[in-house]
Amino acid sequence: MSILVVVESSEGKLKKASREAVCYAAQVGGDVIALSLGDTPEAELATLGANGASKVLNVAGSFSSSEEAAVAVSEAMNSIDANLLVMAQSAKADMIGGRVAVKQDAALVSNVVGLPDTTNGFSVKVSIFSSKAFAHVALKKDKKILIVSKNTVDVKEEGGSANVEAFSVSLPDSKVKVTGEEKASGDILLTDAEIVVSGGRGLKGPENWGMVEDLAKTLGAATGCSKPVSDMDWRPHSEHVGQTGIKVAPTLYIAIGISGAIQHLAGVNSSKYIVVINKDEEAPFFKAADYGIVGDAFEVVPKLTEAIKALK
Amino acid sequence: MKILVCITHVPDTTSRIAFTDGNTKFDSSGVQYIIGPYDDYAIARAVELKESNGASVTVLNVGGAETEPTIRKALAIGADDAVRVNAAPTDALFVAKQIANVAKNGGYDMILMGRESIDYNGGQVHAMVGELLGIPSLSPVMKLEVDGNAAKMSREVEGGKEFVEVAMPFVAGCQEPIAEWRIPNMRGIMTARTKPLNVVEPVATDEAVAYVKYEQPAPKAGVKMAHSVEELVDLLKNDAKVL
Ligand SMILES: Cc1cc2nc3c(=O)[nH]c(=O)nc-3n(C[C@H](O)[C@H](O)[C@H](O)COP(=O)(O)OP(=O)(O)OC[C@H]3O[C@@H](n4cnc5c(N)ncnc54)[C@H](O)[C@@H]3O)c2cc1C
Ligand SMILES: Nc1ncnc2c1ncn2[C@@H]1O[C@H](COP(=O)(O)O)[C@@H](O)[C@H]1O
């Protein structure tokens with residue numbers, strides 16, 4: 001069986017989540033072939049061999065719409081006769097996956113958090129209700145598409161390098177014209193970050209974010225916030241974490257002056273460790289935390305930053 | 001301009017999520033249902049466009065009769081009429097086929113949806129509808145302005161946002177800050193009662209996926225409280241081993 005894995009990169013570097021997706025496919029078993037859309041350097045793509053890819057198909061060019069990307073993915077599936085398509089969860093993957101599912105008449109599930117169970121048919125565990133529950137879902141079509149959540153499998157580096165082949169497709173004219181872009185502040189992507197430092201209404205005002213940024217910088221972390229904080233424009237909307245914002249899955253999530261409303265928790269409960277800093281010992285966030293400290297953020301945070309600096 | 005807004009009927013964001021029948025069914029007892037929060041952005045933007053540019057707004061839900069109070073709420077917010085496809089929404093492709101079937105002869109200039117539903121969080125229905133209708137689909141869209149026969153949008157991409165132009169018709173999955181959530185007022189609630197809500201039967205499709213069994217997450221082991229910053233750093237370094 002051939003498995004196609006669509007990989008994404010940012011600034012020429014493959015995303016960790018894409019390597020996880022290749023490792024995931026390798027664990028499912030079969031000939032794993034990666035597909036890269038865009039301009040990732042060949043040398044970088046070749047390193048997917050270590051994660052379990054036997055070959056990488058490389059489609060050069062820019063993809064401004066999911067229609068174009070879906071054509072390329074669907075044709076790649078046909079050319080290698082793939083029954084299974086695996087992608088790491090991202091806004092792009094969801095858009096491409098939906099279109100490919102229609103083209104291929106495939107069964108598609110996203111938010112996958114486990115390897116397939118093939119003892120009786122083909123089913124996978126997925127997270128639902130913003131990670132407040134899980135479901136076991138059976139895929140009932142010959143062709144299947146799995147969109148896999150971050151941290152579902154560990155990245156293994158053991159094989160050699162993979163052959164990179166150019167793959168050409170004739171793409172439809174894009175109806176979507178990109179006219180500009182704006183980079184988010186900070187250089188660590190919230191969705192990709194290993195550590196996230198988030199602040200809530202307890203910080204009282206945007207002028208107090210300096211200490212949050214200092215802590216984040218010391219840890220090499222991305223910064224996030226609760227919804228009221230972005231609603232009041234203390235921080236950009238792109239930092240809003242929760243059920244109606246970004247869902248993060250870092251190794252460490254540090255919540256400062258955030259009460260822990262259920263809608264906020266829905267965006268963070270895939271984190272491996274949660275640290276809560278709050279002056280109210282009754283704050284609900286403590287119940288969802290692994291580590292906590294009751295105290296005034298204005299005292300605790302600068303001290304914590306200094307203590308971590310001292311370690312390094 | 002004709003706008004179709006697709007809404008979900010989902011448990012309130014504060015609901016306790018539980019299952020019955022040996023973990024094979026969602027336990028809806030005591031659960032309050034709402035319009036999906038992202039769908040609420042879609043409906044709010046549609047009503048804003050109706051006010052600023054002039055438009056008719058139709059809301060659509062694929063669901064059983066129990067969703068009608070949720071649909072009426074969307075009418076109270078300002079939609080003109082509604083369609084309910086009378087079927088339980090079994091999976092994304094099924095829902096997408098129903099929406100595409102309603103939309104294909106409707107002449108809609110845009111189909112607005114939420115970025116994702118908050119029950120199954122698939123985030124796929126828009127792309128599927130776009131593909132089925134052969135039109136662009138964009139998500140998550142944070143800003144949407146109409147400019148002649150096209151729309152100017154900003155969409156979230158990893159690491160920032162992108163500004164795009166798309167000719168109508170298209171599908172867009174909405175998220176904040178595209179519009180302010182709207183709360184129905186008394187007049188809206190009164191007029192919603194008499195606005196048309198058409199019930200149509202679903203088109204047949206085969207089953208792509210089946211939800212076999214549900215599971216609750218394992219409870220957290222319990223929080224370890226630090227009594228000083230030094231103790232917290234020690235826990236992070238030696239217990240979690242993350243520093
Ligand atoms: C449909 C819906 C969707 C929503 N989606 C989201 C979402 O996606 N994300 C989200 O975050 N919210 C969301 N919310 C809002 C959510 O319900 C809460 O209102 C919000 O998370 C509260 O933000 P907060 O914790 O920053 O503020 P508050 O609840 O005001 O909490 C502030 C906390 O700071 C503490 N504090 C105060 N001063 C200090 C100090 N000096 N030092 C330390 N601690 C201090 C307080 O003890 C308190 O616990 C949603 C709500 C609805 C209705
Ligand atoms: N049963 C449904 N009826 C109408 N619209 C729906 C339904 N399910 C999903 N949608 C729309 O599709 C969007 C994405 O849903 P999903 O792919 O389930 O995350 C939602 O925000 C709705 O706008």
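Residue numbers run consecutively from 1 along every chain, following the written order of its sequence. Chain letters start at A and ligand numbers start at 1, both assigned in the order the entries are written. It should be noted that, the model being predicted, local features are given only for residues of pLDDT at least 70 and side-chain atom pairs only at 80 or more, the latter also being counted only at that level, while totals for whole chains, interfaces and linings use all residues. Side-chain metrics in this entry use all non-hydrogen atoms of the structure; hydrogen atoms and water are not considered.

Sorry if this is basic, but what is going on with the site of ligand 2 here?
Residues and elements named next belong to chain B. If you check the shell around ligand 2, you find 20 residues, and the closest are Cys6, Asp39, Ser117, Gly123 and Gln124. Polar contacts, as counted here, are pairs of nitrogen or oxygen atoms within 3.5 Å of one another; within protein the pair requires one atom able to donate a hydrogen and one able to accept it, and residues that are adjacent in sequence qualify only if both atoms are side-chain atoms. A distance of 2.7 Å is found between an oxygen atom of ligand 2 and a backbone nitrogen or oxygen belonging to cysteine 6. At 2.8 Å, a backbone N or O of valine 62 approaches a nitrogen atom of ligand 2. Here, Shrake-Rupley sampling with a 1.4 Å probe gives the accessible areas, and only protein chains in the shown set may cover a residue. Here ligand 2 has 490 Å² of accessible area as a free molecule, and 94% of this is covered by the chains. Helix and strand definitions here come from DSSP, where helices need a minimum of 4 consecutive H or I residues and strands a minimum of 2 consecutive E residues; each element is numbered from the N-terminal end. At the level of elements, strand 6 (56-62), helix 3 (92-103), strand 8 (110-114) and helix 4 (125-133) are the ones that each hand at least two residues to the shell around ligand 2. It is strand 6 that provides the largest number of residues to the shell around ligand 2, a total of 3 residues. When residue character is reported, Ala, Val, Leu, Ile, Met, Phe, Trp, Tyr, Cys and Pro are called nonpolar, Asp, Glu, Lys and Arg charged, and the others, Gly included, polar. Along the lines of polarity and charge, the residues of the shell around ligand 2 split into 9 nonpolar, 9 polar and 2 charged. We call a residue near a molecule or strand as soon as one heavy atom of that residue lies within 4 Å of the molecule or strand.

Is there a simple way to think about the site of ligand 1 in this case?
Ser226, Thr244, Ser259, Gln263 and His264 of chain A are the nearest of the 28 residues found near ligand 1. In this structure, ligand 1 sits where chains A and B come together, each supplying nearby residues. Arginine 201 of chain A is positioned such that a nitrogen or oxygen atom in its backbone is 2.7 Å from an oxygen atom of ligand 1. A distance of 2.6 Å separates an oxygen atom of ligand 1 from a polar atom in the side chain of serine 226 of chain A. Alone, ligand 1 offers 980 Å² of accessible surface; in the complex the protein occludes 80% of this. Residue composition of the shell around ligand 1, grouped by class: 7 nonpolar, 15 polar and 6 charged.

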